[in-house]
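Examining the three-dimensional arrangement
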Amino acid sequence: MKRLLPLVMAVSLLTSLIMLTWVATTESGLRWTYQLAESYLPSELHITTLEGRLIGPIMAKGIEYQQDGISIKSHQITLDWIPTSLLAANIDISRLHIQTLKIALPQSEKSDQPITLPDIHLPWRLTLKDSVIDDLSFTQNEKNFDVKQIKLNASLLSQMDIETLDINAETFSINIKGELQPSHNYRHSLKTHWQVELPSGAEIKGIGQLAGDLKKTHLQQQLTGSLQLTLDAEVSDPFNQLHWQTKIDVTEFDTLKLDRNWPAMSGKLHLNGLGNLTTATLKGTLAGDYSETGPLDASFELQRLSGNVIQIDRLMLHAPVSKTQLNASGQWMPGPDGGNMNIALRWQNLRWPIKDDPWFDSAIGSGWIDGNIKRYQLGLATDRPWPQAPPSDWYASAEGNLDGLNFHALRVNALNGETTVTGPLDWSPQLTWQAKASATDIDPANLWPQWPGQIDAALTSTGRFENGQLLVDADITQLTGKLRGYPVSLLSHINWRNEGLDITRFDFRSGSSQVSAQGRIGEILKLDWSIAARNLAELYPQAEGQLQAEGHLGGTQDSPLISTSFKGKALSMP
């Protein structure tokens, strides 16, 4: 037995050595080891093909794992490692290549539970070299996120030392280097270098660092390219009671470099902000140049209140060349249809459009709007909204939607009197309106000194665009009062059709004198008219005499034909 024992031990050792060699160095040994370990692996894990050697390289194809709504699939995984590093308590992976990795996550649900990160402690040091993931795809809530390639060279024991982490996608790339402690407060010190391509094709590059822990981390970034800015931010307790503060200095921006379809504006911007998960405050100033106004400066102070309400404490825009200044304040609740807003406005020298002939040009005014784009109410108070109007004050209140406005009242104080207009104005699907207007105590002398008076009037008007043509109907149902001391009245019905004016009725009386007309004025002229004046001064200042006349205007605009008969006495006109 003493002689046989060394022989038995030698045979056993040799057998074990042969067995170990077979397991480690042959593909059949690799498969045998996998079959032996399969009972300890999750039953949801399936591998179609396994090739290679246990000591490396190992190639697995057709990998699938599904559990609790999570699906992970990979076309192929190739692994190579250095087994002798186990003698130094190291797992040294010299190559890890994952091809076509698709991860589908279950529908996410909002939770009030704070996020906690796991504490990772490895008994041996893990080293990853030449680790590559090609064609990575994440899917969750019917949204996809694709990454072309991820490269990682790092080592991990109690601390992860990232030699390089490269992430490349269709429109962005990022490189990260530094240190991360994957436990306790996750202390970190990372340097970043990234690049992003905007939909317009513009490129923005950034370089910076992130240092701190989960209690407080400090972020610094400097952007170059189509947008140049510096960012300095501090974030505290992000997974429990998030609090942040930031300072952003945009040293140069040009909207056309970011997107050619945006209005041309360039300049500098300074922002300061702080907040938490429910509230935030943002202050800033802008100094720039806008193609429509020239130099432009602005300042603002915004708050995000609980309930996601945005409060505009102050918003001021100033264009020095046109002396335009616009001030706004109020609230905006983001949501469907542009969200709900309640905004108050004040302005000086406001005009629109800024170039060309403006349809709105106000020296001073104010207004408000309440609602969303599908249903809103607005109010307006301004001096005359265009230079051609007489000196006047305008007040309006209306409700509207995407299709038009319904004016509860449009009041104009002008010519020592007041005019009020009510009715709808629609611009979709085509321009239409229905207006009722009344005027009281109108004195034309403010425009024409020789025509002093006091006139009251009532009229209605409807109009629309039809087949590219403007159609208008207007009725003066009442016009009474005094003009130059004479009692006056007017009844009229006119309409605009086919680029011409149809006068169904025009009956004007001043004192005992009368002017009447009926017919059409357009490319073709066809108008009958008459004048009956016992005292011509009742119709025209400083005129004298008596006049009875009637006539017909015919022909065309280029070749008018006038036929008339008249009888006058002691006629005189200045």
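This text goes with the structure placed above it.
Reference entry: report on the structure contained in this document. (Residues numbered from 1 in each chain as written. Predicted model: local features only at pLDDT ≥ 70, side-chain atom pairs only at ≥ 80, totals over all residues. Heavy atoms only, no water.)

Remarks on the environment of Q149
Selection rule: Secondary structure elements are defined from DSSP: runs of H or I of at least 4 residues count as helices, runs of E of at least 2 residues count as strands, and each element is numbered from the N terminus. Here, residues are in contact when the closest pair of their heavy atoms is within 4.5 Å.
Relative to the helices and strands, Q149 resides in strand β6 (residues 143–156). With 18 residues separating them along the chain, Q149 and I167 place their C-alpha atoms 6.0 Å apart. Contacts of Q149, omitting those with residues within four sequence positions, involve V132, I133, D134, D166, I167 and N168.

Quick word on the pattern of salt bridges
Condition: A side-chain nitrogen of Lys or Arg and a carboxyl oxygen of Asp or Glu constitute a salt bridge if their distance falls within 4 Å. Each residue gets one of three labels from its accessible area relative to the maximum for its type: buried under 20%, exposed over 50%, partly exposed in between, using a 1.4 Å probe on protein chains only.
Scanning the entire structure with this criterion turns up nine salt bridges. The closest approach of N and O atoms between D473 and R497, which form a salt bridge, is 3.0 Å. Pair noted here: D473 is in strand β27 (residues 469–483) and R497 is in strand β28 (residues 486–497), with a separation of 24 residues, a long-range link. Judged by relative accessible area, R497 falls into the partly exposed class, the value being 23%. Across the salt bridge formed by R509 and D507, the nearest N and O atoms sit 4.0 Å from each other. Its relative accessible area of 39% is what places R509 among the partly exposed residues. With a relative accessible area of 16%, D507 lands in the buried category.

Focus on the side chain of N175
Put simply, the test is: N or O atoms within 3.5 Å of each other form a polar contact, as long as, within protein, one can give a hydrogen and the other can take it, and as long as residues adjacent in sequence are counted only when both atoms are side-chain atoms.
Relative to the helices and strands, N175 resides in strand β8 (residues 172–180). Owing to a relative accessible area of 17%, N175 belongs among the buried residues under this scheme. Among the polar contacts listed, one links the side chain of N175 to the side chain of D166, at a separation of 2.4 Å. Leaving out residues up to four positions away in the same chain, N175 has contacts with T164, L165, D166, K191, T192 and H193.

With respect to the environment of L214
Note that L214 resides in the loop between β10 (203–212) and β11 (216–225). With 21 residues separating them along the chain, L214 and H193 place their C-alpha atoms 22 Å apart.

Remarks on a nonpolar patch on the surface
Quick note on the threshold: Here the term patch refers to residues with relative accessible area over 30% and no salt bridge, with like charges joined within 9 Å and nonpolar side chains (Val, Leu, Ile, Met, Phe, Trp, Tyr) within 5 Å. Method for areas: the Shrake-Rupley scheme with a 1.4 Å probe, in which residue coverage is limited to the protein chains shown.
A contiguous nonpolar patch, built from I70, L105, F138 and F145 and spanning about 300 Å² of accessible area, is present on the exposed surface. Relative to the helices and strands, I70 is located in strand β3 (residues 70–81). Judged by its relative accessible area of 30%, I70 falls in the partly exposed class.

Some remarks on the layout of surface pockets
Which entries qualify depends on this criterion: Detection works on a 1 Å grid of protein atoms alone, calling trapped sets that fit a 1.4 Å probe cavities and calling open sets with protein on both sides within 12 Å along at least five of seven lines pockets, with lining residues defined by an atom within 4 Å of a point. Grid points are joined across faces, edges and corners, and a volume is the space filled by probe spheres set on the points. Classes in brief: Ala, Val, Leu, Ile, Met, Phe, Trp, Tyr, Cys and Pro nonpolar; Asp, Glu, Lys and Arg charged; the others, Gly included, polar.
As a volume, the largest pocket reaches approximately 1,000 Å³. Lining the largest pocket are 32 residues; nearest its centre among them are W347, L350, W359, F360 and L380. Mapped onto the lining of the largest pocket, the elements with two or more residues apiece are β17 (309–319), β18 (324–333), β19 (340–352), β20 (360–372), β21 (375–383), β22 (392–400) and β23 (404–414). When its residues are assigned to classes, the lining of the largest pocket shows 23 nonpolar, eight polar and one charged. Roughly 640 Å³ of volume is contained in the second largest pocket. Around the second largest pocket, the lining comprises 25 residues; the ones closest to its centre are T419, A439, I442, A457 and L459. Those elements giving two or more residues to the lining of the second largest pocket turn out to be β22, β23, β25 (432–442), β26 (453–466), β27 and β28. Sort the elements by how many residues they give to the lining of the second largest pocket and β26 lands first, with five residues. Tallied by class, residues from the lining of the second largest pocket come to 21 nonpolar, three polar and one charged.

Side note on the pairing of strand β5 (residues 125–140)
To keep it simple, the criterion reads: At least two bridges found by DSSP between two strands are what make those strands a pair.
Summarising the sheet, strand β4 (residues 90–104) and β5 pair through 12 bridges and their orientation is parallel. Note on β5: the bridge partner recorded for L96 is S131. Of the pairings in the sheet, the one linking β5 to β6 comprises 12 bridges and is antiparallel in character. Across the sheet, V132 pairs through a bridge with K151, a residue of β6. A loop of two residues connects β5 with β6, the two strands running antiparallel in sequence, and N141 in this loop sits at a positive phi of about 55°.

Examining the nonpolar core
Threshold: Working definition of a nonpolar core: buried Ala, Val, Leu, Ile, Met, Phe, Trp, Tyr and Cys residues. They are joined through side-chain atoms within 4.5 Å.
Formed by 19 residues in total, the largest nonpolar core has its most connected members in L479, V488, F508, L536 and L539. Here V488 is in contact with L479, T480, G481, K482, L483, F508, R509 and S510, once residues within four sequence places are set aside. I204, L227, V250 and F300 belong to the second largest nonpolar core, which has 12 residues in total.

Some words on unusual backbone geometry
Note the cis peptide between S428 and P429, where omega equals 5°. As for its position among the elements, P429 is in the loop between β24 (417–426) and β25. Backbone geometry at Y186 places phi at a positive 50°, although glycine is not the residue there. Residue position: Y186 is located in the loop between β8 and β9 (188–197). By relative accessible area, which is 11% here, Y186 ends up buried. Phi at Q542 is positive, roughly 65°, even though this residue is not glycine. Mapped onto the secondary structure, Q542 falls in the loop between β31 (526–533) and β32 (544–555). For Q542, a relative accessible area of 56% puts it in the exposed group.

Here we look at the side chain of T217
Relative to the assigned elements, T217 resides in strand β11. Note on T217: relative accessible area 11%, which makes it buried. For T217, the side chain forms a polar contact with the main-chain oxygen of A211, separated by 3.2 Å. For T217, the contacting residues outside a window of four places in its chain are H188, L210, A211, G212, A233, E234 and V235.

Describing the packing of aromatic side chains
Convention followed: Ring pairs shown here join Phe, Tyr and Trp side chains whose ring centres sit within 6.5 Å, with only the six-membered ring taken for Trp; geometry is labelled stacked below 30 degrees between planes, edge-to-face above 60, and tilted in between. Lysine NZ or arginine CZ positioned within 6 Å of the ring centre and within 35 degrees of the ring normal marks a charge as sitting over the ring.
With the rule as written, the count across this model stands at three aromatic pairs. Note on W451 and Y540: the rings are 6.2 Å apart at their centroids and 75° apart in plane angle, and the pair reads as edge-to-face. Linking W451 in the loop between β25 and β26 with Y540 in the loop between β31 and β32, this pair joins segments that are 89 residues apart in sequence. On the basis of relative accessible area, W451 is assigned to the partly exposed category, the value being 25%. Taking relative accessible area as the criterion, Y540 reaches 41% and is therefore assigned partly exposed. Positioned above the aromatic ring of W451, the side-chain terminus of R484 is 5.1 Å from the ring centre.

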